[in-house]
Amino acid sequence: MEKRPYAILLKFPGTNCDVETARALETAGFRAEIMPFRQVVSETIEGANMVVLPGGFSYGDYIMAGRLAQLKIEHGLSASLERFMENGGYLLGICNGFQILMRMGLLPAGSLIAHPDGRFACRWARLRNRCPSHPFLRFLPDEIELPVAHAEGRFVAAEGLAESYVERGLATLTYQDNVNHSFASIAGLQDETGRVFGMMPHPERFLYRSQHYDPDWVGDPDWGWGYYFFKSIHDELAGLSREPGLKTHTNE
Amino acid sequence: MEPALLDPTYQRIPLRKSSDADLRNLSDERGLSLSLDDMKAIQRHFISLDRDPTDVELEVFAQTWSEHCKHRVFNAVIRHTVNGRAEVIDGIFKTYIRSVTETIMEQKPDFILSAFHDNAGFIRLDEQLAVGLKVETHNHPSAIEPYAGSNTGLGGVIRDILGAGTGARPVASLDVFCLGRPDTDPETLPSESVIHPLGLLRGVVRGVRDYGNRMGIPTIAGAIQFDDGYRCNPLVFCGTAGVIPVDEIEKQIEPGYRILVLGGRTGRDGLHGATFSSASLGEQSREEDQGAVQIGNPIEEKKAADVLLHARSEGLIGSVTDCGAGGLSSAAGEMVAEHGGEIYLDKAPLKEPGLSGWEIFLSESQERMVLAVKPENVDRILALADLYETECTEIGIVSDNGILRVSHRGREICRLDCGVLHEAPRQHLTSSHERIVPAPARIDSTPDFSADLHAILRDFNITSREPIIREYDHEVQGNTLGKPLAGPGGDCPGDAAVIRIDGSRRCVAIGLSILPALHADPYRMGQASVDETIRQLVAVGADPDRIALLDNFCMGNPADPDELGALVETAKGMSTAALECGAPFISGKDSFYNSFETESGTESIPPTLLASGLGIIESEEDILFTTIRRANSHICLAGTTGRETGGSVYERMKGATAGPAPSWEPDTAMGIYRRLHSAIRNNWILSAHDLSEGGLAVALAESGFSISAGMEIRLETVPADDKLDSAELLFSESTSRILFEVANESIDEVRRHFEGLPFAVIGRTSAEHRRLTIHHDDDLIINETLTDLKKSWKNGLTPYY
């Protein structure tokens, strides 16, 4: 019997970070499977430990990013997704996946909108880990760095809400230099259960140390922060020890 | 009276009785871009068949014989004269490109796995995998519709990779633009239909961004040349690299295989792209030719790619090719060229009803791939298309009679012998070139080299491309190890991009060179472009003996002997250098008629060569970046600096008369590259940066942009072939030079390692300050903070993009 936690990645037309996200999940110990959306039925959702919505441009994102994918999911899979969550499943959305989760209303209210300058921005962002004991973040230090790449990642919400998410611990990740002018610098959110998790940065793009732009990066001798992100949730789902398996976190 | 004339699906063209004037008119009216000789050859063919062609057949000839598809100039016999000495060139392609590859194939067996005959060539990466690259131009469409032009330019070259072998996986893209200067005064443009360089820049960048980002292929390398020579005729190059299992490179096609079209539907959009791009632009082009330019739909292509790669992983694909210029006619026509085949146009899914036969067959609607598969695999592929929410339709069958038959509405509308179709008459052209090596330039300058360096770092052709690079997702797929911007702040320039390849421990470097500033000496321009491409690849850690090249030529009118002469000389120089370096060509492309006709005359681009290359990096540990990493390390320079400022940024900035263009010496070049590579493999090198535009001074400044240590340089130590003055040492753009950083503990070994080659330790890095200081003998000629220099470099494009 397969003991590895099982993650499925929903692939819409235009989803394009599925391969590297599956690779990251597998490297961290998951059994990961990419599922073209047309193939997804209730059983596939309910049979998984974690459902992942990877990055990309679902259906082109020509109208609000994530909107069509939201409607597609809600149309056929609402009930099974609800049962999946009730049964303790985890739901992770990265970049476009985060946009879809926001549109579905599964995360605290708000919106991810276009950047003020109207541009796409591919860069690395320094992030503050605001929930160091969270199942997705517990192996990560207080400050990490991950790539971002999006044109509609600016988090906005009704007045005061963004700040309240930070206070209540719903904002899991915030930008240190607010690269996209998000309210309260929010880069990632969780729901009240902690099992729905959305983030604009791409942990799957910083799996290996060699993916960092600086050859003298001293964060870790082998792995990038993304590895520890996926390793955190893997060990949680595999029921492994809560001791972080980090080799080093010290800067020379 | 032939009843077919009344049939709405096609017309018969009374070709047999046409006079020469009729033939010329026919070509013009239908936009066939065929010469009278071509028209007469087609006429003779139908006289021999004792019938007139249908409009479909005539269009198929025009498309198949177009410059765009058959590269007729590159295959033409050319009578070439250099400085009064005449020679006959039996085809530029055969003489200067294919022969290089054939020779190297013998020298390096099992390295080149495919060259020229497929949509992209491949070299061996490791036991299991091969890597290929293809670069295309999309100049005419981008000139009249920049966003759509570059958008479909990238979409098209991605399909080339998908259509290589039985379907390669696209892993990285590059883009190169040649445009007028961003500060061009709009009043000086010769026609209202010429788009200002800034409009072009914004359009073409966004076009690449929106296709590449949506497809999920990182755009990791590129260049922009700003030069007045391109103000009416911008050049847009898009390239994509792909990876494929070695045993999937050979296509297989047999009689009985089914022909399928996968992806987008066929519409009236994009008619006559192949023939349109085989003629020059004019004041009316904007309005007349817009129908030939399309808007891309990257998601449609992404779905097709997902289906194709899935199907290939299950071994379902016999043969695949993309629907590019010439549409189904070209794709299916080439696919069945050997066996013949039947195409049923009624089966092709259409965007709108009512298309005539030739429109369906010739339409260049985007995002379509053509497949040939065994009959038993058809159902599974159709199911995969359904799974990924796209369309795949069976439209024909491979036959065994050598005849291309096309039917529409129950009628046969095309019946052509594949052999005749693919034998276009050979053209004969004349070219000439006067090669003059000028005397060294005398540059009168007030010796304020600090100010000069700042000005050069701000120069449009040197300044940071960061605003544009950030718009491209260069990290998607999670394999970009050598990033376009790197170093401690993630904002320093790289020499070449590097990607890791899933399933291999080796990495692939992608580099490119485009040096139109050297156009006064095209032979040396050809050599220098090859040298720079190889140099960049070696600087990031690639093995100099495992490099493959691509050539992309662009020029104006091939009927102009001087323009063609310059092209021939460029090809010669390029060919010599590639052969000496053992770097084969695996793909290439040429683009002509990059000229703009106004009432006051014709404006052509300078003959332009984009050289690009792939290099194999043995292991991730070998990857190097450009910037200084340690204090108290040694700064070394390999290569000789010469009195050859011709075409340099410095010379242009000072408005001096052109001096000699940089020369090139193969043994020195390859000696340095091989020696540096073994030093890298020995872990002796901390960082490396190739010297290119702006010369030593710019390379030093850029190396310092990490701001990790100060740099103290002594110019008199620089290896030079004469007693050069400070300006020449700082700003000459001599070839084959690489700057690199060596730690104290390795410097003795490195010195010994480079014995017999031009090599010197030219300075040290320092923990005491963060300045670049350059002494020449007793004079301190540059003393600037690295932060200030970086500021000059970083912000040159910001006001414009």
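1. Looking at the pattern of salt bridges
Residue and element names in this part refer to chain B. Taken as a whole, this structure holds 67 salt bridges over all chains when the rule is applied. With a shortest N-O distance of 2.9 Å, Glu-136 and Lys-589 are connected by a salt bridge. Taken together, the positions of Glu-136 in strand E5 (residues 129–137) and Lys-589 in strand E24 (residues 585–591) put the pair 453 residues apart, joining distant regions of the chain. The class for Glu-136 is buried, based on a relative accessible area of 12%.

2. Thoughts on helix H20 (residues 561–581) of chain B
All names here are of chain B. Across its 21 residues, H20 extends 30 Å between first and last C-alpha, which sits within 8% of the 30 Å expected from 1.5 Å per residue. H20 sits mainly inside the fold: 16 of its 21 residues count as buried. In this structure Asp-560 caps H20, since a side-chain oxygen of it lies 2.9 Å from the backbone nitrogen of Asp-562. Just downstream of H20 lies Gly-582, where phi reads positive at about 65 degrees.

3. Things to note about the packing of aromatic side chains
Per the counting criterion, the structure on display carries 28 aromatic pairs over all chains. Measuring from ring centre to ring centre gives 4.9 Å for Trp124(A) and Phe206(A), while their planes differ by 75 degrees; the resulting arrangement is edge-to-face. You can see Trp124(A) sitting in strand E6 (residues 121–129) and its partner Phe206(A) sitting in the loop between strand E11 (196–199) and helix H6 (225–237), a full 82 residues away along the chain. Classification of Trp124(A) by relative accessible area gives buried; the value is 12%. Three or more aromatic residues link up through ring pairs in this structure, and these residues are Trp124(A), Phe206(A), Tyr208(A), Tyr213(A), Trp217(A), Trp223(A), Trp225(A), Tyr227(A) and Tyr228(A). If you follow Arg31(A) out to its NZ or CZ, it ends over the ring of Tyr6(A), 4.0 Å from the centre. The ring of Phe111(B) is capped by Lys108(B), whose NZ or CZ atom sits 5.6 Å from the centre of that ring.

4. Considering the domain arrangement of chain B
When the parts come together, some accessible area is lost, and that loss is often what is quoted as the size of the interface. Residues and elements named next belong to chain B. We note that the domain assignment places domain 1 (115–250 + 476–622) and domain 2 (432–463 + 626–794) within chain B. For domain 1 versus domain 2, the distance between C-alpha centres works out to 25 Å. Each partner contributes residues to the interface: domain 1 has 44 residues there, and domain 2 has 41 residues. The contact between domain 1 and domain 2 buries some 3700 Å² in all, and 56% of this surface belongs to carbon and sulfur atoms. The three residues of domain 1 that bury the most area against domain 2 are Pro-493, Arg-524 and Arg-535, which together make up 18% of that side's buried surface. The interface formed by domain 1 and domain 2 contains six salt bridges.

5. As for the interface of chain B and chain A
Across the contact, 42 residues belong to chain B and 35 residues belong to chain A. For the pair chain B and chain A, the summed buried surface comes to about 3200 Å²; carbon and sulfur atoms form 51% of the total. Looking only at chain B, the three residues that lose the most surface to chain A are Arg214(B), Glu389(B) and Arg470(B), adding up to 20% of its buried area. One salt bridge connects Arg205(A) with Asp473(B), and the closest N-O pair in it is separated by 2.9 Å.

6. Let's talk about the nonpolar core
Ranked by internal contacts, the top residues of the largest apolar core, which has 103 residues, are Phe237(B), Ile510(B), Ile534(B), Ile685(B) and Phe740(B). Broken down by element, the residue count for this core peaks at eight residues, all from H20(B). Here this core spans two domains, since at least three of its residues come from each of domain 1 (115–250 + 476–622) and domain 2 (432–463 + 626–794) of chain B. The contacts of Ile534(B), once residues within four sequence positions are left out, are Ile547(B), Leu549(B), Cys581(B), Ala583(B) and Tyr673(B). If you look at the next biggest cluster of nonpolar residues, it comprises 77 residues, including Ile45(A), Met85(A), Leu137(A) and Ile186(A).

7. Looking at the sheet that holds strand E3 (residues 112–114) of chain B
All names here are of chain B. Reading across from one edge, E3-E4-E5-E8-E6-E7 is the order of the six strands in this open sheet, with mixed pairing throughout. Of all the strands in the sheet, just E3 and strand E7 (219–226) have a single pairing partner and so form its edges. The mean angle between the axes of side-by-side strands here comes to 20 degrees, regardless of whether they run parallel or antiparallel. Relative to E7, strand E6 (residues 169–179) runs parallel, the two sharing seven bridges.

8. A closer look at the confidence of the model for chain A
Mean pLDDT over chain A stands at 93; residues scoring 70 or higher make up 94%. Within the model, the stretch residues 243–252 of chain A combines pLDDT values under 50 with 21 contacts to residues more than four positions away or in other chains.

9. Quick word on helix H19 (residues 522–539) of chain B
All names here are of chain B. Taking 1.5 Å per residue as the helical rise, H19 with its 18 residues ought to reach 26 Å, and the 25 Å between its terminal C-alpha atoms agrees with that figure. Most of H19 sits inside the fold, with 17 of its 18 residues counted as buried. After H19 finishes, the residue Gly-541 shows a positive phi value of roughly 115 degrees.

10. Quick look at the confidence of the model for chain B
Residue and element names in this part refer to chain B. Considering every residue of chain B, the mean pLDDT works out to 93; 96% of them sit at 70 or more. Scored below 50 in pLDDT, residues 1–6 makes four contacts in the model with residues more than four places away or belonging to other chains. Here the predicted complex carries an ipTM of 0.95, next to a pTM of 0.95.

11. A closer look at the side chain of Glu733(B)
Residue and element names in this part refer to chain B. The residue Glu-733 is located in the loop between helix H24 (726–731) and strand E31 (738–742) in this model. Buried Glu-733, no salt bridge; nearest opposite-charge side chain is Arg-652, N-O distance 5.1 Å. Among the polar contacts made by the side chain of Glu-733, one reaches the main-chain amide nitrogen of Val-649 at a distance of 2.8 Å. A polar contact of 2.9 Å, which involves the side chain of Glu-733, links it to the backbone nitrogen of Gly-694. Glu-733 has contacts with Glu-644, Gly-647, Ser-648, Val-649, Pro-662, Ser-692, Glu-693, Gly-694 and Gly-695, leaving out every residue within four places of it along the chain.

12. As for empty space enclosed by the protein
Residues and elements named next belong to chain B. Considering all chains together, one arrives at nine cavities of 30 Å³ or more under this definition. When its volume is computed, the largest cavity comes out at roughly 870 Å³. Taken together, 45 residues line the largest cavity, and the ones lying closest to its centre are Gly-222, Ala-223, Arg-465, Pro-493 and Gly-494. Of all elements in the fold, only E6, E7, helix H18 (466–469), strand E22 (507–514), H19, strand E29 (685–690) and helix H23 (695–704) reach the threshold of two or more residues within the lining of the largest cavity. Broken down by element, the lining of the largest cavity gets its largest block of residues, seven residues, from E7. Broken down by class, the residue content of the lining of the largest cavity amounts to 22 nonpolar, 14 polar and nine charged. The residue makeup of the lining of the largest cavity includes at least three contributed by each of domain 1 (115–250 + 476–622) and domain 2 (432–463 + 626–794). Quantified by volume, the second largest cavity comes out at close to 160 Å³. In this structure, the second largest cavity is lined by 18 residues; those nearest its centre are Leu-515, Leu-518, Glu-532, Ser-692 and Glu-733. Sort the elements by how many residues they give to the lining of the second largest cavity and H19 lands first, with three residues.

Rules behind the numbers
- Residues numbered from 1 in each chain as written.
- Chains lettered and ligands numbered in written order.
- Predicted model: local features only at pLDDT ≥ 70, side-chain atom pairs only at ≥ 80, totals over all residues.
- Heavy atoms only, no water.
- Salt bridge = Lys/Arg side-chain N within 4 Å of Asp/Glu carboxyl O.
- Helix = DSSP H or I, 4+ residues; strand = E, 2+ residues; numbered from the N terminus.
- Buried < 20%, exposed > 50% of the residue type's maximum accessible area, 1.4 Å probe, protein only.
- Expected span 1.5 Å × (residues − 1).
- Polar contact = N/O pair within 3.5 Å; in protein donor to acceptor, adjacent residues only side chain to side chain.
- Phe/Tyr/Trp six-rings, centres within 6.5 Å; stacked < 30°, edge-to-face > 60°.
- Lys NZ or Arg CZ within 6 Å of the ring centre and 35° of its normal.
- Domains from an automatic or database assignment.
- Contact = heavy atoms within 4.5 Å.
- Buried area = accessible area lost by both parts, 1.4 Å probe.
- Core = buried A, V, L, I, M, F, W, Y, C linked by side-chain atoms within 4.5 Å.
- Pairing = 2+ DSSP bridges.
- Axes fitted to C-alpha atoms, helices over the stretch in contact; angles between N-to-C directions.
- pLDDT = per-residue confidence, 0-100.
- Lys, Arg positive; Asp, Glu negative; His and termini not counted.
- 1 Å grid on protein atoms, 1.4 Å probe; cavity = no way out; pocket = protein on both sides within 12 Å on 5 of 7 lines; lining within 4 Å.
- Points joined across faces, edges and corners; volume = space filled by probe spheres on them.
- Nonpolar A, V, L, I, M, F, W, Y, C, P; charged D, E, K, R; others polar.

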